[in-house]
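# Structural characterization, general
Here is how the chains run, residue by residue.
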Amino acid sequence: MILICSGLAIWHFFGCGHIMLKMYIKTAWRSLVSNRLFSALNVFGLAAGMAVALIIGLWINDQLSYDQWLPGYEQAYQVKFNYSDNGAVRTRSEVCLPLAAALKNEVPGIAWAAPCSEVGSTILTVGQKNLTLRILWAGADFLNILRFPLVEGNADQALQDPNSIVLTQSTAKALFGNTDPIGKTVVIFQYNELKVTAVIKDIPQNSTLQFDFIGAIDPHPRNGGDDWLTSTWHVFLELQPNVTYEQIEARAKMLVKAHAPGIYRTSHEEVIMQPLKDRHLWTDYENGVATGGLISYVRLFGIIGMIVLVIACINFMNLSTARSEKRAREVGVRKVMGSSRVNLIVQFLAESILLTSLAFVLSLQLVQLVLPAFNSLAGTTITMPYSSGTFWLIMSGYLLVTGLLAGSKPAFYLSAFRPAKVLKGKVQIGKAARRSRQALVVLQFTCSIGLIIATIVIYQQIDYARSRPTGYNPNRLIQSLKGDRPYSALKQAVLATGLVTSM
């Protein structure tokens, strides 16, 4: 009923003439200015709630956007493998190297398939420069599946040669400065020479794969190209346009069994595939099915954001209805002068939306101030998307819904006063109104206490995990990836300096 009346009030608000609209805004502004303390309390309380909800919304959007900036991500999948372990079905992300070629060649509907390694660290050398960088080994079709934007080079040819390497922009600049790196040589593992065949843009933060360069895989049998027993590789694939996973599922899931029938005998061993869009959020598997992961935290924080916003709206309602006696005469006079209840509802909703607009502007400033600290805490690079039309469209809806939610109860409650009674000073709060206010207060405090308790518990757990004794001081450790003499001699020389306690 409230939603229907709010809709009618909105239609009346925007359907009224220019003069009426101007009058509503002017009257609402005068009411807010004449009650500065009340307005300030409402604005700051609502702004705090809106800021918290907005930060959580930005974080959720960031988590949901992982890998979805890649062209064609809808048809991209990561291959996984279900296997039997003491009667239970387990799922692993690592599969055997030849599975990629078998999927591409033997399963109709698969356009590309490529293996890749876990991201590791190694040293790249160019002249006198030695840089420790993150490396990803990948197959020839890798850039056709995960289409990282190319600055130079060709995706079809970049990883065809086993002695080729693809650099990110920042890596290319660090190694070669402003000169063109294409065709130049870098040294890996101190002796292997690789030729730069392409340069891609730096990997954004919302990518599940983070690396500095890609080295080409040589799928020759001597490198495990026909080893169906060793599972140490990740495999990605892309389906052809208009092909669904269900169409290839039956053929693909039995592929490992077909090539290694003597190893996998139970019904649980099968190839499965996870959509690339789910790779970041759905990491937990039970009985061969994705059941959770980071998605649980996304849902949890989404609920927390809504609770905080509801608390702020309840606070707004209670403050507004607490001033009912002061505004009762105003309502009575307006009704005597001919104002209908709809006019009064529109007036009070206009005040609510005006207050919410001020709170929204303040919440944007609060979010801007808090974002650097939040990014440092959460390990993100979230920014306010001021240039996005979609952002402002969503924020307009966010502002309108919040304003109507916060102002609905005061608008309907105050507009129901009878002029004959209020002008005689006989304003009495009925049992229903009193109980509804008490219920809102109880709900507000229940949510607040629950959030406070949860925050204390989570803080204590995190503090324990950070401060528990580890047996060493991580700030005093050094790892060496390169030595020019045998380890025993190097150790004696290092200890002899007196600067190192153990090695």
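Preceding this section is the structure that the text describes.
Residues numbered from 1 in each chain as written. Predicted model: local features only at pLDDT ≥ 70, side-chain atom pairs only at ≥ 80, totals over all residues. Heavy atoms only, no water.

## Some remarks on the overall build of the protein chain
How we decide: Put simply, DSSP marks the helices as runs of H or I at least four residues long and the strands as runs of E at least two long, and each gets a number from the N terminus on. A 1.4 Å probe rolled over the protein chains alone gives each residue an accessible area, and that area as a share of the maximum for its type sets the label: buried under 20%, exposed over 50%, partly exposed in between. Whether two residues are in contact is decided by their heavy atoms: any pair within 4.5 Å suffices.
Across its full length, the protein chain holds 15 helices and 15 strands. In the protein chain, which comprises 503 residues, the proportion classed as buried is 41%. Of all intrachain contacts in the protein chain linking residues separated by at least 6 positions in sequence, the fraction that spans at least 24 positions is 74%.

## Description of the environment of asparagine 178
Note the threshold: Counting of polar contacts relies on pairs of N or O atoms within 3.5 Å, with two restrictions inside protein: one atom must be capable of donating a hydrogen and the other of accepting it, and residues adjacent in sequence are counted only when both atoms are side-chain atoms.
Structurally, the position occupied by asparagine 178 is in the loop between helix H6 (169-176) and strand E9 (185-188). Looking at asparagine 178, its side chain comes within polar contact range of the side chain of lysine 173, at 2.6 Å.

## Quick look at H6
Cut-off, in case you're wondering: Arc, as used here, means the arc of the directions from the helix axis to the C-beta atoms.
Where H6 is concerned, the buried positions are Thr171, Ala172, Leu175 and Phe176. Burial along H6 is one-sided: seen end-on, the buried residues are contained in an arc of 100 degrees. Taken together, the buried residues of H6 touch strand E5 (120-126), strand E6 (129-138), strand E8 (164-168), E9 and strand E10 (192-200).

## Some remarks on the nonpolar core
Going by this rule: Residue types Ala, Val, Leu, Ile, Met, Phe, Trp, Tyr and Cys, when buried and joined through side-chain atoms within 4.5 Å, form a set referred to as a nonpolar core.
Membership of the largest hydrophobic core comes to 32 residues, with the highest contact counts inside it found for Leu46, Met50, Leu54, Phe360, Val367, Met384 and Tyr398. Elements supplying a minimum of two residues to this core: helix H3 (36-64), helix H9 (294-322), helix H11 (341-378) and helix H12 (389-414). Looking at which element gives the most residues to this core, the answer is H3, with 12 residues. Excluding anything up to four places from it in sequence, tyrosine 398 contacts Met50, Ala53, Leu54, Leu309 and Phe360. Ranked by size, the runner-up nonpolar core spans 26 residues in total, among them Ala100, Ala102, Val256 and Met273.

## Things to note about the pairing of strand E15 (residues 289-292)
Applicable threshold: Strands are treated as partners if at least two bridges between them are detected by DSSP.
Two strands pair when backbone bridges link them, and strand E14 (residues 284-286) and E15 are joined in this way by three bridges, in the antiparallel orientation. The residue of E15 that forms the bridge with tyrosine 285 is alanine 290.

## Thoughts on the pairing of strand E12 (residues 231-239)
With seven of its nine residues buried, E12 lies for the most part within the structure. Sheet analysis places strand E3 (residues 95-96) next to E12, joined by two bridges and oriented antiparallel. Paired with valine 95 across the strands is tryptophan 233, a residue of E12. As judged from the six bridges shared by strand E4 (residues 110-116) and E12, these two strands associate in the antiparallel manner. Across the sheet, cysteine 116 pairs through a bridge with histidine 234, a residue of E12.

## What to know about the environment of asparagine 163
Inspection of the secondary structure assignment puts asparagine 163 in the loop between strand E7 (150-152) and E8. It is 7.2 Å that separates the C-alpha atoms of asparagine 163 and glutamate 193, two residues lying 30 residues apart in sequence.

## Side note on the layout of surface pockets
We apply this condition: Buriedness for pockets is judged along seven lines, at least five of which must meet protein on both sides within 12 Å for an open set on the 1 Å grid over protein atoms alone, while cavities are sets there where a 1.4 Å probe fits but cannot get out, and lining residues have an atom within 4 Å of a point. Grid points are joined across faces, edges and corners, and a volume is the space filled by probe spheres set on the points. Throughout this entry, Asp, Glu, Lys and Arg are counted as charged residues, while Ala, Val, Leu, Ile, Met, Phe, Trp, Tyr, Cys and Pro are counted as nonpolar. The remaining residues, Gly among them, count as polar.
The computed volume of the largest pocket comes to approximately 1100 Å³. Phe301, Phe374, Leu377, Ile458 and Ile462 are, among the 28 residues lining the largest pocket, the residues nearest its centre. Counting residues per element, the ones that place at least two in the lining of the largest pocket are H3, H9, H11 and helix H14 (431-467). For the lining of the largest pocket, the element with the highest residue contribution is H14, accounting for eight residues. Partitioning the lining of the largest pocket into residue classes produces 20 nonpolar, six polar and two charged.

## Remarks on the pattern of salt bridges
Any two side chains of opposite charge can pair, so long as their charged atoms come close to each other. Note the cut-off: We count a salt bridge whenever a side-chain nitrogen from Lys or Arg sits within 4 Å of a carboxyl oxygen from Asp or Glu.
Inspection of the entire model under this criterion finds five salt bridges. One salt bridge connects aspartate 141 with lysine 104, and the closest N-O pair in it is separated by 2.8 Å. Taken together, the residues aspartate 141 in the loop between E6 and helix H5 (142-145) and lysine 104 in helix H4 (residues 99-106) connect sequence positions 37 residues apart. By relative accessible area, lysine 104 is classed as partly exposed at 31%. Among the salt bridges present, the one from arginine 134 reaches aspartate 212, with a minimum N-O distance of 3.1 Å. You can see arginine 134 sitting in strand E6 and its partner aspartate 212 sitting in the loop between E10 and strand E11 (213-216), a full 78 residues away along the chain.

## Some remarks on the side chain of asparagine 206
Mapped onto the elements of the fold, asparagine 206 is located in the loop between E10 and E11. Accessibility expressed as a relative area gives 16% for asparagine 206, which makes it buried. If we ignore the near neighbours within four places in the chain, the residues touching asparagine 206 are Asp62, Ser65, Tyr66, Asp67 and Trp69.

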